[in-house]
Amino acid sequence: MLARIPLLLEPQPEGGYTVTSPLLPELITEGDTVAECLAHAEDAFAAVTEIYEYWNRPLPSSIAIEGGAGTLLIEAVVPFPDA
């Protein structure tokens, strides 16, 4: 299953990011880099799906990508050039 999950990466004063999702409040992880955050988010999503199965609770239908393919929207954090 492919899922489209909005992730919020909040920079931490000591470095790295805390990762949460507005659609899945149970999804919380962290990482030192954006790439690490994305890898940890995959692991966290796997744990969240287990929790939802245990609770007999459906995942939000809006996260499923039908047929495992589709248009993906990816937002990136990039440096803003000085004017």
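We now turn to the structure provided with this report. (Residues numbered from 1 in each chain as written. Predicted model: local features only at pLDDT ≥ 70, side-chain atom pairs only at ≥ 80, totals over all residues. Heavy atoms only, no water.)

**Section: the pattern of salt bridges**
Okay, so step 1: Applying the stated criterion across every chain, the model contains one salt bridge.
Okay, so step 2: Measuring nitrogen to oxygen at the nearest pair gives 3.3 Å for the salt bridge that ties R57 to E26. Of this pair, R57 sits in the segment after α1 (34-54) while E26 sits in the loop between β2 (17-20) and β3 (28-31); the two residues are 31 residues apart in sequence, bridging distant segments of the chain.
Okay, so step 3: Overall, the relative accessible area of 26% leaves E26 in the partly exposed class. (Salt bridge = Lys/Arg side-chain N within 4 Å of Asp/Glu carboxyl O. Helix = DSSP H or I, 4+ residues; strand = E, 2+ residues; numbered from the N terminus. Buried < 20%, exposed > 50% of the residue type's maximum accessible area, 1.4 Å probe, protein only.)

**Remarks on unusual backbone geometry**
Okay, so step 1: The phi dihedral of N56 is positive, around 55°, even though this residue is not glycine.
Okay, so step 2: Within the secondary structure, N56 is located in the segment after α1.

**Quick word on the pairing of β2**
Okay, so step 1: Summarising the sheet, strand β1 (residues 8-11) and β2 pair through four bridges and their orientation is antiparallel. When the sheet's bridge partners are listed, L8 is paired in β2 with T20.
Okay, so step 2: The hairpin turn running from β1 into β2, its antiparallel successor, is five residues long, and G15 in that turn takes a positive phi close to 110°.
Okay, so step 3: Here β2 runs beside β3; their pairing, made up of four bridges, is antiparallel. Bridge pairing links T20 to I28 in β3. (Pairing = 2+ DSSP bridges.)

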